[in-house]
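What the coordinates show
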Amino acid sequence: MGKLDGKVAAITGSTRSIGRAIAEAYLREGAQVVINGRSAEKGAVAMKEMGGGANVAFFAGDARNQKDCEGIVDFAIEKFGKLDIMVLNSGGVENTAPVAQMTDEEWMLEVTWNLHSVFWGMRKALQHMIPREAGRIIVTSSVEGKLGKPGIPGYAATKHAVLGLMKSAAHEVGTLNITVNAILPGIIETDIVRETGPDSAIAMGLGTYENMIALFCKESAIKRPNKVEEVAEVAVLLARDVAAGITGTSFPVDGGTMPY
Amino acid sequence: MELQGRVAVITGGTRGIGRAIAEAYLADGASVVINGRSADKGAEAIREMNGGDRVFFVQGDVKSREGCQAIIDAAIAKYGKIDIMVNNAGGSTDNAQVVDLTDEALDNALKWNLWSTFWCTQMALRDMLPRGWGRIINISSLEGKHGKPGVSIYVTAKHAINGLTKSCAQEIGTTGVTINCICPGAIETDTMRDEGPGAAVAMGMTYQDLLDWFASEAAIKRLNSCDEVAAVASLLASEAGAGITGSMISVDGGTAAY
């Protein structure tokens, strides 16, 4: 008997890394899961590796595109009949830079990817959940949702912004058995961090990827990066029926990094 | 059975939040030591929990070092170790506005909430650190982050627990032992029913007004439940909790500002 038997979840950006770990944990707990990513190839690989049979479906779409953010909700409903849990996980940076050197294009990309995508997905999911008076919305923020490191101003700004969006929405739907929460992971060596980390490290003035990882570790109490499984178990908890009284919360999974 | 083979100690575990955590841990496979001041309530809890040899009651008061030591010693004598220490006992009596507050009321609240957490944390750490695995979970409160009038002794003690937790987390971060706080919103436990009316007087309102006030501040417009806290306590005690430390986890229906 799983903790999420009979639930349907959709997770943006979930063919790999944090989103994938959440998808696998939900599947293990008995949910039906829609995973999402830009690449049909990566989607096919994820589907094969997860081995969830008819309980997993892949929706090819780009979180930076409003149509796709809304499309995943429609897809989940079409595929599994409803949507109980929406995990707004997709996000990142491409060519980040200090504020003085930040291009409008990169700024726009980060705002679109990390903030607009969360808004679009949240709005669409709420429109389905509010009449049903049931739902769980989980936003993947970051330690940078409370802190702010040099060289990643767009990331820090948007990860802060989603917390404001989350808190406001939590109060809007607080009596409807719909919770809205954020998880704030510390650094995790996901594929996306390995891919974009070297450029971010340069923007942060740290030179190398290794230095960047070391800085995050040093700031934590555990002196190591976090793990995707640590985030996934919190995502399970927040999705459960018993978590009905937890909303508007910024849940840290950062090994003791954030001061509040 | 995520906690199979683990031993948990829960101060003030015969009723309310502590009891819900004890039951959750029992369901997860752990052996559980519960504590309380009343032998009668302890016996009743043991009977109701029906956990056989995996539940053990230690009568004692956490308001002294000796009282805490007796609980820790009894747990180790019974089950050989402590993996999970839940510092749950706490409360306040003789609440009053600061201008009228007695030294005794403050001292009692600090002993009950802060000193007990310090003592049991220290004693549990001495068992956990050499073994390189442990979970300390301190039941703080929404009032560990905010502050309401008339209950300054409680608010002060709960804030202090948060500080102790953050500092300790940095000390033991690489040892395999985590320490966190759960910050519940108001829950109508037996303790709340016992102490709430007195606190309400100090706050200048009726007990029902007090409950309504807490509910009105929450997004969910209701009080929280013990099971909601227990679910978080289970998560923090699990293997996946290894990467969560020094955190103040709110279970308050969207009340705390941070």
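Basis of the calculations
Residues numbered from 1 in each chain as written. Chains lettered and ligands numbered in written order. Predicted model: local features only at pLDDT ≥ 70, side-chain atom pairs only at ≥ 80, totals over all residues. UniProt positions renumbered as here; feature names shortened; annotations may be inferred. Pairing = 2+ DSSP bridges. Helix = DSSP H or I, 4+ residues; strand = E, 2+ residues; numbered from the N terminus. Axes fitted to C-alpha atoms, helices over the stretch in contact; angles between N-to-C directions. Contact = placed C-beta atoms within 7 Å. Parallel < 35°, antiparallel > 145°, perpendicular 65-115°, else oblique. Left-handed = near helix turned anticlockwise from the far one by under 90°. Nonpolar A, V, L, I, M, F, W, Y, C, P; charged D, E, K, R; others polar. pLDDT = per-residue confidence, 0-100. Core = buried A, V, L, I, M, F, W, Y, C linked by C-beta atoms within 7 Å. Buried ≥ 20, exposed ≤ 12 C-beta atoms within 10 Å, placed from the backbone.

UniProt's Sequence similarities (unreviewed entry) comment on chain A is quoted here verbatim: "Belongs to the short-chain dehydrogenases/reductases (SDR) family."

A look at the sheet that holds strand β1 (residues 8-11) of chain A
Residues and elements named next belong to chain A. Spatial ordering of the open sheet is given by β3-β2-β1-β4-β5-β6-β7, a layout of 7 strands whose pairing is parallel. Two strands close off the open sheet at either side, each with one partner strand: β3 (56-60) and β7 (250-253). Within the sheet, the average angular offset between the axes of one strand and its neighbour, ignoring direction, is 20°. Sheet topology places β1 next to strand β2 (residues 32-37); 4 bridges connect them, and they run parallel. Its bridge partner being in β2, A9 is matched across the sheet by V33. Strand contacts of helix α5 (residues 153-172): β5 (135-140), β6 (178-185) and β7, with the helix running at about 160° to β6, the strand carrying the most contacts.

Topic: the packing of helix α1 (residues 16-27) of chain B against helix α8 (residues 226-237) of chain B
Residues and elements named next belong to chain B. Between α1 and α8, the least distance of the axes is 8 Å, while the angle of their chain directions is 50°. When the axis of α1 is compared with that of α8, the two are oblique. In this structure, the crossing between α1 and α8 has a hand that is right-handed. Seen from α1, the contacting residues are G16, I17, A20, I21, A24 and Y25; seen from α8, they are C226, D227, V229, A230, A231, A233, S234 and A237. For the contact of α1 with α8, the residue count by class is 11 nonpolar, 2 polar and 1 charged.

Some thoughts on the interface of chain B and chain A
Taken together, the contact between chain B and chain A spans 29 residues of the former and 30 residues of the latter. Sorting the residues of the side of chain B that touches chain A by element identifies α5 (152-171), α8 and β7 (248-251) of chain B as the ones contributing at least two each. No other element matches the 5 residues that α8 of chain B contributes to the side of chain B that touches chain A. A class-by-class count of the residues in the side of chain B that touches chain A yields 13 nonpolar, 13 polar and 3 charged.

Some thoughts on the confidence of the model for chain B
Of the residues in chain B, 100% have a pLDDT of 70 or more, and the chain-wide mean is 97. We note a pTM of 0.95 for the whole complex and an ipTM of 0.91 for its interfaces.

Section: the sheet that holds strand β5 (residues 134-139) of chain B
All names here are of chain B. Strand order in the open sheet formed by 7 strands is β3-β2-β1-β4-β5-β6-β7, and the pairing between neighbours is parallel. Two strands close off the open sheet at either side, each with one partner strand: β3 (55-59) and β7. In this sheet, adjacent strand axes meet at a mean angle of 20° when their direction is disregarded. Where strand β2 (residues 31-36) meets β3, 5 bridges bridge the pair, whose relative direction is parallel. Counterpart to V32 in the pairing with β3 is V55. Docked against the sheet, helix α2 (residues 39-49) engages β2 and β3, running at close to 175° with respect to β3.

Observations concerning the nonpolar core
Of all hydrophobic cores here, the largest spans 163 residues; its most connected members are I22, Y26 and A235 of chain A together with I21 and A233 of chain B. In this view, I22 of chain A contacts I11, S14, V87, N89, V231, A232 and A235 of chain A; residues no more than four positions away in its chain are not counted. Ranked by size, the runner-up nonpolar core spans 6 residues in total, among them V93, A97, Y155 and A203 of chain A.

Re the UniProt feature "domain: Ketoreductase" (unreviewed entry) in chain A
According to UniProt, the positions carrying the feature "domain: Ketoreductase" (unreviewed entry) are residues 7-190 of chain A. For residues 7-190 of chain A, the end-to-end C-alpha separation is 27 Å, with 47% helix and 18% strand making up the annotated structure.

Observations regarding the environment of L236 of chain B
Residues and elements named next belong to chain B. Inspection of the secondary structure puts L236 in helix α8. Placed 56 residues apart in sequence, L236 and N180 show a C-alpha to C-alpha distance of 7.9 Å. Residues contacting L236, with those up to four places away along its chain left out, are R135, I137, N180, G241 and I244.

Remarks on unusual backbone geometry
Excluding glycine, residues mostly carry a negative phi; peptide bonds, for their part, are mostly trans. All names here are of chain B. The phi torsion at D94 lies on the positive side, around 55°, for a residue other than glycine. Taking the C-beta count within 10 Å as the criterion, D94 has 16 such neighbours and is therefore assigned partly exposed. Phi at K221 is positive, roughly 55°, even though this residue is not glycine. Take K221: it is sitting in the loop between α7 (207-217) and α8. Residue K221 is classed as partly exposed on the basis of its C-beta count, with 14 C-beta atoms lying within 10 Å.

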